[in-house]
Amino acid sequence: MRDLVEVKMGGRSVTVNRAESPLSWLRARGLLDARQHEAGERLRGDYERACLAPSVTMRWDAARVDGGGGSGADPTTAQLSAKRRFDAAMAGVGGGLNDVLWRVVCAGEPLAAAEAGLGRPRRAGKVVLGLALDRLGDHYALP
């Protein structure tokens with residue numbers, strides 16, 4: 001279990017799973033509700049399907065040579081659709097909120113690192129992220 005790391009803070013120690021996303025970490029500790037978490041996961045899914053993250057290896061997806069129709073859209077169309085959904089969601093959230101949303105949900109930065117990177121005061125990121133996820137939930141029309 002290389003992903004589990006023990007972190008010592010003051011007189012206490014905490015075991016942290018580095019493979020866990022910051023969004024899931026916040027949800028597990030009750031800092032996000034189910035609607036906010038679902039909205040963030042949808043955005044992250046579109047971000048990953050759109051292949052917006054930098055790639056470090058070659059893609060080895062199997063290419064069809066028989067020209068037959070598969071199930072669903074071809075990878076390029078699916079990627080473009082995901083990119084459109086991602087762009088629409090980020091525009092729906094609006095400026096000033098979508099920067100922290102991208103850093104935490106898509107880039108996987110811990111909330112404290114996102115706050116520091118954006119020059120925001122400590123602990124302000126939780127409020128801003130919550131507002132961004134609420135707007136994202138509205139965009140997705142989540143109940």
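Shown above is the structure to which this text applies.
Report on the accompanying structure. (Residues numbered from 1 in each chain as written. Predicted model: local features only at pLDDT ≥ 70, side-chain atom pairs only at ≥ 80, totals over all residues. Heavy atoms only, no water.)

Before going further, it helps to examine the overall build of the protein chain. When helices and strands are counted, the protein chain shows six helices and two strands. The buried share among the 143 residues of the protein chain stands at 27%. A separation of at least 24 residues holds for 55% of the contacts in the protein chain among residues at least 6 apart in sequence. Split by element, the accessible area of the protein chain, about 9400 Å² in all, is 55% carbon and sulfur. (Helix = DSSP H or I, 4+ residues; strand = E, 2+ residues; numbered from the N terminus. Buried < 20%, exposed > 50% of the residue type's maximum accessible area, 1.4 Å probe, protein only. Contact = heavy atoms within 4.5 Å. Areas by Shrake-Rupley, 256 points an atom, 1.4 Å probe, with all protein chains shown as cover.)

Moving on, we get to unusual backbone geometry. Trans is the prevailing form of peptide bonds, just as negative phi is the prevailing case for residues other than glycine. Located in the positive-phi region is Arg123, a residue other than glycine, with phi close to 70°. Examined against the element boundaries, Arg123 turns out to sit in the loop between helix H5 (111–118) and helix H6 (124–139). Despite not being glycine, Ala141 has its phi angle at roughly 55°, a positive value. The topology assignment puts Ala141 in the segment after H6.

Turning our eyes to something else, we now look at the packing of aromatic side chains. In this description, an aromatic ring pair is defined by two values, namely the gap between the centres and the angle between the planes. This structure, assessed with the given rule, holds one aromatic pair. The ring of Tyr140 is capped by Arg42, whose NZ or CZ atom sits 5.6 Å from the centre of that ring. (Phe/Tyr/Trp six-rings, centres within 6.5 Å; stacked < 30°, edge-to-face > 60°. Lys NZ or Arg CZ within 6 Å of the ring centre and 35° of its normal.)

Position of His37 among the secondary structure elements: in helix H2 (residues 34–49). Contact partners of His37, with chain neighbours within four places excluded, come to Leu23, Ser24 and Arg27.

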